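Chain and residue survey
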Amino acid sequence: MHAVASLAMALQDMGGLTTTSTTDGRIFLWIALGVGVVALFVALLMARHVIGCDPGTEEMQRISNAIREGAEAFLRRQYRTIGALALVLAVVVFLGYHSSERTAPYALKTVIAFLVGAFCSGLSGYTGMYVSIRANIRTASAARTSLNKALQTALRGGAVTGLVVVGLSLIGVGVLFLAFGGLDHPQQVPYQLVGFGFGASLVALFAQLGGGIYTKAADVGADLVGKVEAGIPEDDPRNPAVIADLVGDNVGDCAGRGADIFESTAAENVGAMILGAALFPVFGIKGILFPLIVHAINLIASSVGVAVVKGKETGDPMAALNKGFYVTSALALAGFAGAVYTMLNGPNVQPMWLLGCGIIGLATAFLFVYITEYYTESRYRPVQSIAEASLTGPATNIISGLAVGMETPAMPVLVISAALLLSYYFGVRGLANVTDVSNYAKGIYGTAIATMGMLSCAAYILAMDTFGPITDNAGGIIEMSNQPDSIRERTDKLDSAGNTTKALTKGYAIGSASLAAFLLFSAYLEEIKSIVTDKVLHAGGFMPVGWSFTNINLAEIPVFVGALLGAMLTYLFSSLAIKAVGRSAQMVVQDVRNQFREDPGIMAGTSKPDYGRCVHIVTGAALKEMVLPGVLAVGLPIAVGLIFRNFSESFQTGAGAVQGAILQVPAIAGKAVNLAGAEAVAGLLMVGTISGILLAMLMNNGGGAWDNAKKWIETGQYGGKKSDAHKAAVVGDTVGDPFKDTAGPSLHVLIKLLATITLVLAPLFV
């Protein structure tokens, strides 16, 4: 972060490249910030429009108010907990940076960026949920009029989340870049923004984890007692856990997923800007600001996409949503092309190849969506095979579901591999005529452009995702308020589309996390190179010409152990998350049983259950259970870096190499710089990312397949509701719930948190 000035000078001297003037790039920063502000204003108008819609009958409002109060109470308590943890970590980062003379000047800026990132992430999640818990009742009320009105109300409610998340990410990074002097020192400042990504990751982890535990504990508890034991339908007002279940949809799928996508866009912005700084002699400041312009285009395209969605009374809502997605993608691609040819140009640059990187990213997003649809939709073999296995009981249902889950990573991994290989190659070809910049630097920037392409529709994708819990809540409100069957049929259509969008956006989220994680891993390697260069030059040591921190040797014991710990972390983290759901669900099950036993009038319909009791139980349990896995995720990479930094140099295969030796490595006073800590963390980050991606795919798609196998049986297949096959499918769905809504989505965040925390604390590992 910390040797950026000297690194930039070295890059400029390598081939006589002249530094591009920053003047012509200033306008792009102001354009990006302006679009971000306009997007927030559009989100405000959409929110006012949605909240101004008819709130329905008094009975509907009573149910909606209970959901709103429960969600807001949980989020207040959750954010207090997250805020306390963030302040503790801010102090740790500040003291850690101040412990070294090299990093002390950057301590305050890093902490400020961290706190701003955490605040913006929390604000985006809260804002999205604020609107969603008010859009549910408006969507339910609109369904009494027409399907199209309900569809548009729900999507615009979701669009508020999408626009706010991407807008705040864009404004947060842009304002910090401006405030830290980025227009005057554009090569230096991107390294000082890594704290923003770390703050976003921290909030996202706890928001997704706590919300996921809440929503699945309530859902599992409600299903096990309501559907299996009492034999009552989903969202039946006699179930004491039904309000807690509906609250969970908001805190898990709205606030949690909002923080997740915010983290993806924030981390991608910072990582791509760091790689753009390394190519400053080629593109100047425009290469650094390019990610911000891409997200500005994202906001414009997504706003238009939301505006064109219109459904027909007898049509499929998913078709209307897909139309909006196609319009958004087309506009995003056109804008992306314009940005590439305007900003990533130069006498030795071939923009066509760089545009190809963006197209690869966009194609990757489409492929992930369709692969997820194949594994989670009842029209296809995987879900139907699980439903058929339910005929012989819960055991065969679970065996079949696990087999499908283990199959699911194959095609996505092939897509990710192809995307990385092709975008790397395209990056090299696009900059082939640029001399004295390594092919590795060219190729890695190509993968960064692909990541930007994949996230170029993020705002619309998030609108579709939030559409899911809004319509789910709307259906519950209609059911609990005893509205006519014709209205329930409309909300069932919307709920079915919402289930699909939730599954598809999880596939999109893990795909974007995969590319973003590789981007951040590359940024970590660049960061270590910068730190080592600075350290050696200031000490008057030996710095080999062309040395880079890119060869992480698994034959070295610290690297292998770090890699092993990284793989272990993903499994232990998932275990803790799933156990947390199990323990919390047990408390819900016990309370529902107690209420049925204490008041027989609940099942008879003559008295109301105590919904608030279940909400209180789940809130306390989720907040308590989210702390341990969250602390583990934050603490392990820090411990590995600090402990292994002090390992003897004899653990390194290149130890003892000095100036003039055959194996040339950075050295100070004739002694090789000890990189054991940085290399061990690189091993943890690399293998932990790979393991986390595969495990998240298994859990997301396996859980989604279990869920839709149950729903397919409920349509009348294999005996329909209350049949033995249905009971077996409910058990399988219960097993899959913490997979797809707690551990799986939390792993998306974990793999990006590992990258951002190592970026922030990299100076402490060398």
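Reading the values: the criteria
- Residues numbered from 1 in each chain as written.
- Predicted model: local features only at pLDDT ≥ 70, side-chain atom pairs only at ≥ 80, totals over all residues.
- Heavy atoms only, no water.
- Helix = DSSP H or I, 4+ residues; strand = E, 2+ residues; numbered from the N terminus.
- Rg over C-alpha atoms; globule rule 2.2 N^0.38 Å.
- Buried < 20%, exposed > 50% of the residue type's maximum accessible area, 1.4 Å probe, protein only.
- Contact = heavy atoms within 4.5 Å.
- Areas by Shrake-Rupley, 256 points an atom, 1.4 Å probe, with all protein chains shown as cover.
- Lys, Arg positive; Asp, Glu negative; His and termini not counted.
- Charge placed at Lys NZ, Arg CZ, Asp CG, Glu CD.
- Core = buried A, V, L, I, M, F, W, Y, C linked by side-chain atoms within 4.5 Å.
- Salt bridge = Lys/Arg side-chain N within 4 Å of Asp/Glu carboxyl O.
- Patch = residues over 30% accessible without salt bridge, like charges linked within 9 Å, V, L, I, M, F, W, Y side chains within 5 Å.
- Phe/Tyr/Trp six-rings, centres within 6.5 Å; stacked < 30°, edge-to-face > 60°.
- Lys NZ or Arg CZ within 6 Å of the ring centre and 35° of its normal.
- Axes fitted to C-alpha atoms, helices over the stretch in contact; angles between N-to-C directions.
- Left-handed = near helix turned anticlockwise from the far one by under 90°.
- Nonpolar A, V, L, I, M, F, W, Y, C, P; charged D, E, K, R; others polar.
- Parallel < 35°, antiparallel > 145°, perpendicular 65-115°, else oblique.
- pLDDT = per-residue confidence, 0-100.
- Expected span 1.5 Å × (residues − 1).
- Bend = angle between axes of the 7 residues up to and from the residue.

Here we take up the overall build of the protein. The helix and strand inventory of the protein stands at 24 helices and 2 strands. By the compact-globule yardstick of 27 Å for 766 residues, the protein fits well, its C-alpha radius of gyration being 26 Å. Here the protein holds 766 residues, and 65% of them are scored as buried. A separation of at least 24 residues holds for 85% of the contacts in the protein among residues at least 6 apart in sequence. Looking at the protein as shown, the accessible area adds up to about 25100 Å², and 63% of this sits on carbon and sulfur atoms. One finds the centroid of the 49 positive side-chain charges in the protein at a distance of 3 Å from the centroid of its 52 negative side-chain charges.

Counting 253 residues, the largest nonpolar core has Phe-177, Phe-290 and Tyr-524 as its most contacted members. In contact with Phe-177, other than residues within four places in its own chain, are Leu-29, Gly-182, Leu-183, Pro-186, Val-189, Pro-190, Leu-193, Met-273, Ile-285, Ile-288 and Leu-289.

What follows deals with the environment of Gly-601. Among the secondary structure elements, Gly-601 is positioned in helix H20 (residues 601–604). Sequence separation between Gly-601 and Thr-758 is 157 residues; the distance between their C-alpha atoms is 57 Å. Leave out the neighbours within four places in its chain, and Gly-601 touches Thr-606 and Ser-607.

Turning our attention to the environment of Ala-301. Mapping Ala-301 onto the fold places it in helix H10 (residues 285–307). Sequence-wise, Ala-301 and Gly-704 are 403 residues apart; in three dimensions their C-alpha atoms are separated by 29 Å. When residues no more than four places from it in sequence are discounted, the contact partners of Ala-301 are Thr-328, Leu-331 and Ala-332.

Let's shift gears to the pattern of salt bridges. Counted according to the given criterion, the structure contains 21 salt bridges. With its nearest N and O atoms 2.5 Å apart, the salt bridge here joins Glu-373 to Arg-379. By relative accessible area, which is 52% here, Arg-379 ends up exposed. Note that Asp-733 and Lys-710 form a salt bridge whose closest N and O atoms lie 3.0 Å from each other. Taken together, the residues span a long stretch of sequence, with Asp-733 in helix H24 (residues 724–761) and Lys-710 in helix H23 (residues 676–714) at a distance of 23 residues. Exposure class is identical for Asp-733 and Lys-710. Each is buried. A cluster of three or more residues bridged by salt bridges with shared partners is formed by Lys-216, Asp-219, Asp-707, Lys-710, Lys-711, Asp-733, Asp-737, Lys-740 and Asp-741.

Residues apart from glycine generally show negative phi values, whereas peptide bonds are mostly found in trans. Of note in this structure, Tyr-718 is not a glycine but carries a positive phi near 50°. Following the sequence through the fold, Tyr-718 ends up in the loop between H23 and H24.

Here the focus is a nonpolar patch on the surface. A cluster of nonpolar side chains, namely Ile-27, Trp-30 and Ile-31, defines an oily patch on the protein surface of about 320 Å² accessible area. The topology assignment puts Ile-27 in helix H2 (residues 23–51).

The next point concerns the side chain of Gln-208. Assignment of secondary structure puts Gln-208 in helix H7 (residues 194–230). By relative accessible area, Gln-208 is classed as buried at 1%. Apart from the residues lying within four places of it in its own chain, the contact partners of Gln-208 are Gly-252, Gly-256, Arg-257, Asp-260, Asp-741, Pro-745, Ser-746 and Val-749.

Moving on, we come to the packing of aromatic side chains. Enumeration according to the criterion identifies 19 aromatic pairs in this entry. Each ring, one from Phe-196 and one from Phe-262, has its centre 6.0 Å from the other, and the planes form 45°; the classification is tilted. With Phe-196 in helix H7 and Phe-262 in helix H8 (residues 242–278), the pair connects residues that are 66 residues apart, well separated along the chain. Each member of the aromatic cluster is reached from another via a ring pair, and the members are Phe-325, Tyr-326, Phe-366, Tyr-370 and Tyr-460. The ring of Tyr-130 carries Arg-134 above its face, with NZ or CZ at 3.7 Å from the centroid.

So, on to the packing of helix H17 (residues 458–480) against helix H18 (residues 485–538). To describe two helices that pack against each other, one gives the angle between their axes and the distance between the axes. With their axes 7 Å apart at the nearest point, H17 and H18 run at an angle of 145° to one another. The way H17 lies across H18 gives a crossing that is left-handed. Grouping the amino acids of the contact of H17 with H18 by side-chain chemistry returns 11 nonpolar, 8 polar and 6 charged.

Below, the discussion takes up the side chain of Ser-514. In this fold, Ser-514 is placed in helix H18. Judged by its relative accessible area of 4%, Ser-514 falls in the buried class.

Take the packing of helix H5 (residues 147–179) against H18 next. Here H5 crosses H18 at 40°, and the two axes come no closer than 10 Å. The angle between H5 and H18 falls in the class oblique. The hand of the H5/H18 crossing is right-handed. When H5 is examined against H18, the residues Leu-147, Ala-150 and Leu-151 are found in contact with a partner set consisting of Arg-490, Lys-493 and Leu-494. Looking at the contact of H5 with H18 residue by residue, the class counts come to 4 nonpolar, no polar and 2 charged.

All right, on to the confidence of the model for the protein then. Mean pLDDT over the protein stands at 84; residues scoring 70 or higher make up 94%. Looking across the protein, the model is least confident in helix H1 (residues 4–14), with a mean pLDDT of 33, and most confident in helix H14 (residues 394–407), with 94. Scored below 50 in pLDDT, residues 1–23 makes 51 contacts in the model with residues more than four places away or belonging to other chains. This stretch, residues 654–662, has a pLDDT under 50; its non-local contacts, to residues over four places away or in other chains, come to 14 contacts.

Turning our eyes to something else, we now look at H24. Under the 1.5 Å per step criterion, the end-to-end length of H24 is 54 Å for 38 residues, consistent within 8% with the ideal 56 Å. Of all the bends in H24, the largest measures some 35° and sits at Gly-736, one to four residues before the proline Pro-738. Burial within H24 is extensive, with 34 of its 38 residues counted as buried.

This part takes up the environment of Thr-161. Checked against the element boundaries, Thr-161 lands in helix H5. Here the alpha-carbon distance between Thr-161 and Tyr-460, two residues 299 residues apart in the chain, equals 9.5 Å. Excluding its chain neighbours within four sequence positions, the residues that come into contact with Thr-161 are Gly-128, Gly-258, Leu-462 and Thr-466.

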